[in-house]
Amino acid sequence: MTMGDSRPGDAMPGAQKASPRGAVVLGGAHGSLEIARSLGRRGIRVWLVTDDNPLAKSSRYVEKSFAWAGPRDHGALAFLTELCRAHDLRGWVLFAGSDDDLCFVAQNHSALGSLFTLTTPPWDAVRFAYDKRQMNIRAAELGIAHPRTRYPRTADDIADHLAEAELAFPVILKPSIREGRNAFVDAKAWRVDHPLELAARYAAAKALVGAETIMIQELIPGTGAAQYSYAAVWDRGVPVGALVARRRRQYPVEFGFTSTFVETADAPEVADAAARFLASIDYSGLVEIEFKYDARDGRFKILDVNARAWTWIALGAAAGIDFPALQWALACGEQIAPLAARPGVSWLYFARDLAASIHEMAAGRLSALDYLRSLNQSSARAVFAFDDPWPAVIDIPLSAVRVVTRRLSRRNRNATAALQSAHLPS
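Residues numbered from 1 in each chain as written. Predicted model: local features only at pLDDT ≥ 70, side-chain atom pairs only at ≥ 80, totals over all residues. Heavy atoms only, no water.

Visitor: Outline the pattern of salt bridges, supporting the account with residue identities and numerical values.
Guide: All chains considered together, the criterion is met by 28 salt bridges. R248 serves as the salt-bridge partner of E263, at 2.5 Å between the closest nitrogen and oxygen. In this pair, E263 sits in strand 12 (residues 258-264) while R248 sits in strand 11 (residues 238-251), placing the two residues 15 residues apart along the sequence. Using a relative accessible area of 14% as the deciding quantity, one classes E263 as buried. By relative accessible area, which is 31% here, R248 ends up partly exposed. (Salt bridge = Lys/Arg side-chain N within 4 Å of Asp/Glu carboxyl O. Helix = DSSP H or I, 4+ residues; strand = E, 2+ residues; numbered from the N terminus. Buried < 20%, exposed > 50% of the residue type's maximum accessible area, 1.4 Å probe, protein only.)

Visitor: Before we move on, can you summarise the pairing of strand 4 (residues 93-96) with the specific residues and values?
Guide: On strand 4, burial covers both faces: V93 and F95 on one face and L94 and A96 on the other are all buried. Looking at chain direction, strand 1 (residues 22-26) and strand 4 are connected through four bridges and run parallel. Its bridge partner being in strand 4, V24 is matched across the sheet by L94. As paired elements, strand 4 and strand 5 (residues 117-118) share two bridges and run parallel to each other. Residue pairing in the sheet places V93 in a bridge with T117 of strand 5. (Pairing = 2+ DSSP bridges.)

Visitor: Before we move on, could you go through the sheet that holds strand 2 (residues 45-50) and cite the residues and values that matter?
Guide: Strands in a sheet are paired, the pairing made by backbone hydrogen bonds, and the direction either parallel or antiparallel. Strand order in the open sheet formed by five strands is 3-2-1-4-5, with parallel pairing between adjacent strands. With one partner strand each, in any of the chains shown, strand 3 (64-67) and strand 5 form the two edges of the open sheet. Helix 1 (residues 30-40) contacts strand 1, strand 2 and strand 4 of the sheet and is inclined by roughly 175° relative to strand 1. Relative to strand 4, helix 12 (residues 323-331) is tilted by about 140°, and along the sheet it contacts strand 1, strand 4 and strand 5. (Contact = heavy atoms within 4.5 Å. Axes fitted to C-alpha atoms, helices over the stretch in contact; angles between N-to-C directions.)

Visitor: Give me the confidence of the model for the protein: which residues, what numbers.
Guide: Detailed reading of predicted coordinates is not advised where the pLDDT is low. Counting all residues, the mean pLDDT for the protein is 88, and 88% of those residues have values of 70 or more. Confidence drops under pLDDT 50 across residues 1-17; counting only partners more than four residues distant or on other chains, this segment forms 49 contacts. (pLDDT = per-residue confidence, 0-100.)

Visitor: Kindly report on the packing of helix 3 (residues 99-107) against helix 5 (residues 123-130), identifying the contributing residues and their values.
Guide: For any two helices packed against each other, the geometry is given by the interaxial angle and the distance between the axes. Direction vectors running N to C along helix 3 and helix 5 enclose 155°, while the axes themselves pass 9 Å from each other. Relative to helix 5, the element helix 3 is oriented roughly antiparallel. Every pair of crossing elements has a handedness; the one defined by helix 3 and helix 5 is left-handed. Side by side, helix 3 and helix 5 meet where D99, D100, L102, C103, A106 and Q107 of the first sit next to W123, V126 and Y130 of the second. For the contact of helix 3 with helix 5, the per-class residue count stands at six nonpolar, one polar and two charged. (Parallel < 35°, antiparallel > 145°, perpendicular 65-115°, else oblique. Left-handed = near helix turned anticlockwise from the far one by under 90°. Nonpolar A, V, L, I, M, F, W, Y, C, P; charged D, E, K, R; others polar.)

Visitor: Mind laying out the packing of helix 13 (residues 350-362) against helix 14 (residues 368-377), listing which residues take part and the relevant values?
Guide: Between helix 13 and helix 14, the least distance of the axes is 10 Å, while the angle of their chain directions is 160°. As far as their axial angle goes, helix 14 and helix 13 are roughly antiparallel. Where helix 13 crosses over helix 14, the two elements pack in a sense that is right-handed. Side by side, helix 13 and helix 14 meet where F350, D353, L354, S357 and M361 of the first sit next to A368, Y371 and L375 of the second. By residue class, the composition of the contact of helix 13 with helix 14 is six nonpolar, one polar and one charged.

Visitor: Describe in detail the sheet that holds strand 8 (residues 190-192), supporting the description with residues and values.
Guide: Strand order in this open sheet of four strands is 6-9-7-8, and the pairing throughout is antiparallel. Each of the sheet's edge strands pairs with one partner strand only, and the pair in question is strand 6 (149-150) and strand 8. In this fold helix 6 (residues 132-142) packs onto strand 6, strand 7 (171-175) and strand 9 (214-218), with an angle of close to 45° to the strand it touches most, strand 9.

Visitor: Just give me the short version of the side chain of K292, but keep the residues and values in it.
Guide: Take K292: it is sitting in strand 13 (residues 285-294). Engagement of the side chain of K292 in a polar contact is seen with the backbone oxygen of I220, the distance being 3.0 Å. Those residues in contact with K292 that sit more than four places away from it in its chain are I220, P221, G222, T223, A226, Q227, R299, F300, K301 and L303. (Polar contact = N/O pair within 3.5 Å; in protein donor to acceptor, adjacent residues only side chain to side chain.)

Visitor: I'd like a rundown of unusual backbone geometry, residues and numbers included.
Guide: Outside of glycine, negative phi angles account for most residues, and trans bonds account for most peptide bonds. For the bond running from F169 to P170, omega is 0°, close enough to zero to count as cis. When you line up the elements, P170 lands in the loop between helix 7 (158-165) and strand 7. Positive phi is not limited to glycine here, since D88 has a value of about 55°. For D88, the location among the structural elements is in the loop between helix 2 (76-87) and strand 4. For D88, a relative accessible area of 48% puts it in the partly exposed group. Residue D282 is not a glycine yet carries a positive backbone phi of 50°. With respect to the helices and strands, D282 occurs in the loop between helix 10 (268-280) and strand 13. The class of D282 is buried, set by a relative accessible area of 14%.

Visitor: I'd love a proper account of empty space enclosed by the protein, names of residues and values included.
Guide: By the definition in use, this model includes four cavities of 30 Å³ or more. The volume enclosed by the second largest cavity comes to roughly 90 Å³. Taken together, the elements giving at least two residues each to the lining of the second largest cavity come down to helix 3, helix 5 and strand 14 (299-306). Counting residues per element, the lining of the second largest cavity draws most heavily on strand 14, at three residues. For the lining of the second largest cavity, the class distribution of residues is five nonpolar, one polar and five charged. (1 Å grid on protein atoms, 1.4 Å probe; cavity = no way out; pocket = protein on both sides within 12 Å on 5 of 7 lines; lining within 4 Å. Points joined across faces, edges and corners; volume = space filled by probe spheres on them.)

Visitor: So what about the side chain of T149? Which residues, and what values?
Guide: With respect to the secondary-structure elements, T149 resides in strand 6. Given the relative accessible area of 8%, T149 is considered buried. Polar contacts involving the side chain of T149 include one to the main-chain carbonyl oxygen of P147, which spans 2.8 Å. Side-chain polar atoms of T149 contact the side chain of Q217, separated by 2.9 Å. Sequence-distant contacts of T149, defined by excluding residues within four places in its chain, comprise N136, M215, I216 and Q217.

Printed below as a string of structure tokens:
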């Protein structure tokens, strides 16, 4: 596939005279923090451009940070252009930290590529990661299993779509793209248990994101422990370093906004499916692809593709594959022999894992002893680091507020849906 006029790691105009002197990270949270730590510990200068999240900004490895209105602002390209000019950043390596940043860089690939060394592929490839409808289409073409999904355009279409796809309740509503911030996008998915509730939930989702980006999908049974991920750095359609990880715990428990306990795993079916998907789009860059094991038919089904840094990216370094450092080396034009991860390595997000573990213990799926063992065996942490403690200090109140906010939001949403359902005709 033709990818466009430039690729991650290619020498860009202005980057041909010398190796990059530093990295610019756009937005993000935990993934951006780990990029800063990975590069900063190697003496590489790291600058951050962010709109609201203070986590990476508080790292000792972020030399400078700049506030902007965000990648969706109409002046975003002009802002980065002026930043590059004013501080002589031409040729610096640019990392995308969030989905919005990813979309912005991919859709402005030529303009940004004339200023920075890019690690994000152009839109021709990114669209298969950014839009789950496009992801499912490509997966179907490649024979990769995925959940049965329909895309109703009106409330009247819902019944026909359910019958056509043989979807049985419970089902889930999901946004096909994650743009902006609202209750539907932040939740990642809403579970729906009966038809009256579906009508109310669909109306609520439509009011937030519009009908064009709403998916109705089968609910694959199982908790986060049934979810696996393929994480890697690719270069021109070939993996440079890759691992498969299992999401042992997540928060919230059913549809995790974030992983809380992850460990490397042996799942060749996941690695093979992910490799076929990425090779088909001639992919280059950081990537994480999520799958869920469906015990009903014994297949791993693709759920999501993240073409940027992800929350538990620090697991890679603990397992022998430092993903940000690999991406930096590729951007500098280095040749790298393919790397494999060590087994039995785990990553923990303590603040949120505690909430997830309490829920799992209450449900009888986790013993207190097993929880304590997982604390002892974890090799990497989401936030805490002895050489960079301030992000962990800041993350404690942020996590507490997020947990409380999500619980209140879920309670209010359930109450609203119940009230709306009560007023629908039976």
